[in-house]
Amino acid sequence: MLGLITGGAIIYWFTGASMQAVVTGAYRAVVYIKDNMKLDAATAATEASKEVVKICTQYAQKGMINIFVVIFCFSLALAFFDPFFFIGYLVGMAFFGLFQAIFMANAGGAWDNAKKIVEVELKQKGTPLHDATVIGDTVGDPFKDTSSVALNPVIKFTTLFGLLAVELAVQLTATQGSGLTHILAAAFFVVSFLFVYRSFYGMRIREDAAR
C-alpha cells in the first residue's frame, strides 16, 4: 500500500515540476520580450528572437535534468530499500500516471479548443471573452503538450530501469547483506530529495527575474 501511494505521489510531483519549469521559462521569456523587443514592430529582431528561444530551452533543460535525476535516484533508492515496496511503486506509477495523463490531455485540449472557438467561430478576439479563454495557451498547452505526454516515457523508464535495479539489489543483498543495500538506498534517497527541492524552489520566479 505504501508503494502504491508513493508511486502516485511521484506522478503528481512530476506533473507539478514539469509545469513549474514551463511557467518559469515562459515568465523569463516574457520579461525579456518586454524589456528588449518592440512589440509594435512589424518584425522582431533575429538576435532577440534567438535569445527568447535560448531562454525557453535553458529552462526546459534545467527542468529535465532535475526530473531525470529524481526519477533515476528514487528508482534506485526504492529498489535497494525493498523489492516488494518497489513493485507497489511501479503499479502506483502506472495506475495514477494513466489517469493523470488522460486528465491533463483532455483538460488541456478543452482549454485550447475553447480559445480557438472564440477566435475562429465567434470571432471575438480581443474581447473580455477571449481574454478569459487565453488560459488555453497559458495552462492548456503545457497540460496537453508537456506534462501529459511526458508521463509515458517516465513510466517506461522507471519500469525497465527499476527491474534491473531490483535484480542488482537482490544480488547485493544475497552476497553482501542487507546493510549495504540500505545504505545505498538512503544515499540515493537523499540525492533524489535534493533534486526534488531544486525542481520547485530552484525553479521559482524570483524578484530579480527581470535582471
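As a reminder, the structure under discussion sits directly above these lines.
A few points on the structure.

What counts as what
Residues numbered from 1 in each chain as written. Predicted model: local features only at pLDDT ≥ 70, side-chain atom pairs only at ≥ 80, totals over all residues. Heavy atoms only, no water. Bend = angle between axes of the 7 residues up to and from the residue. Helix = DSSP H or I, 4+ residues; strand = E, 2+ residues; numbered from the N terminus. Axes fitted to C-alpha atoms, helices over the stretch in contact; angles between N-to-C directions. Parallel < 35°, antiparallel > 145°, perpendicular 65-115°, else oblique. Left-handed = near helix turned anticlockwise from the far one by under 90°. Nonpolar A, V, L, I, M, F, W, Y, C, P; charged D, E, K, R; others polar. 1 Å grid on protein atoms, 1.4 Å probe; cavity = no way out; pocket = protein on both sides within 12 Å on 5 of 7 lines; lining within 4 Å. Points joined across faces, edges and corners; volume = space filled by probe spheres on them. Phe/Tyr/Trp six-rings, centres within 6.5 Å; stacked < 30°, edge-to-face > 60°. Buried < 20%, exposed > 50% of the residue type's maximum accessible area, 1.4 Å probe, protein only.

## Regarding helix H5 (residues 135-176)
Of all bends in H5, the biggest is about 40°, found at phenylalanine 143. Just beyond H5, the residue with positive phi is glycine 177, at close to 95°.

## Notes on the packing of helix H2 (residues 46-81) against helix H6 (residues 178-200)
Packing of H2 against H6 brings their axes to within 8 Å, and their N-to-C directions diverge by 155°. Between H2 and H6, the angle is such that the two are roughly antiparallel. Considering the relative orientation of H2 and H6, their crossing is left-handed. Of the residues assigned to the contact of H2 with H6, the class counts are 16 nonpolar, 5 polar and 1 charged.

## Notes on the layout of surface pockets
Each pocket or cavity is described by its volume, and for the largest pocket that value is around 440 Å³. Residue lining of the largest pocket: 19 residues in total, with Phe14, Ser18, Gly63, Met64 and Ile67 positioned closest to the centre. Sorting the residues of the lining of the largest pocket by element identifies helix H1 (2-36), H2 and H5 as the ones contributing at least two each. When grouped by side-chain class, the residues that make up the lining of the largest pocket number 15 nonpolar, 4 polar and no charged.

## Points about the packing of aromatic side chains
The tally for this structure, following the rule as stated, stands at 16 aromatic pairs. Between phenylalanine 68 and phenylalanine 72, the ring centres sit 5.9 Å apart and the planes meet at 25°, which makes this aromatic pair stacked. Placement of the pair is phenylalanine 68 and phenylalanine 72 together in helix H2, with a separation of 4 residues, close to one helical turn. Owing to a relative accessible area of 46%, phenylalanine 68 belongs among the partly exposed residues under this scheme. Taking the centre distance of 5.6 Å and the plane angle of 45° together, the rings of phenylalanine 68 and phenylalanine 157 count as tilted. Pair noted here: phenylalanine 68 is in helix H2 and phenylalanine 157 is in helix H5, with a separation of 89 residues, a long-range link.

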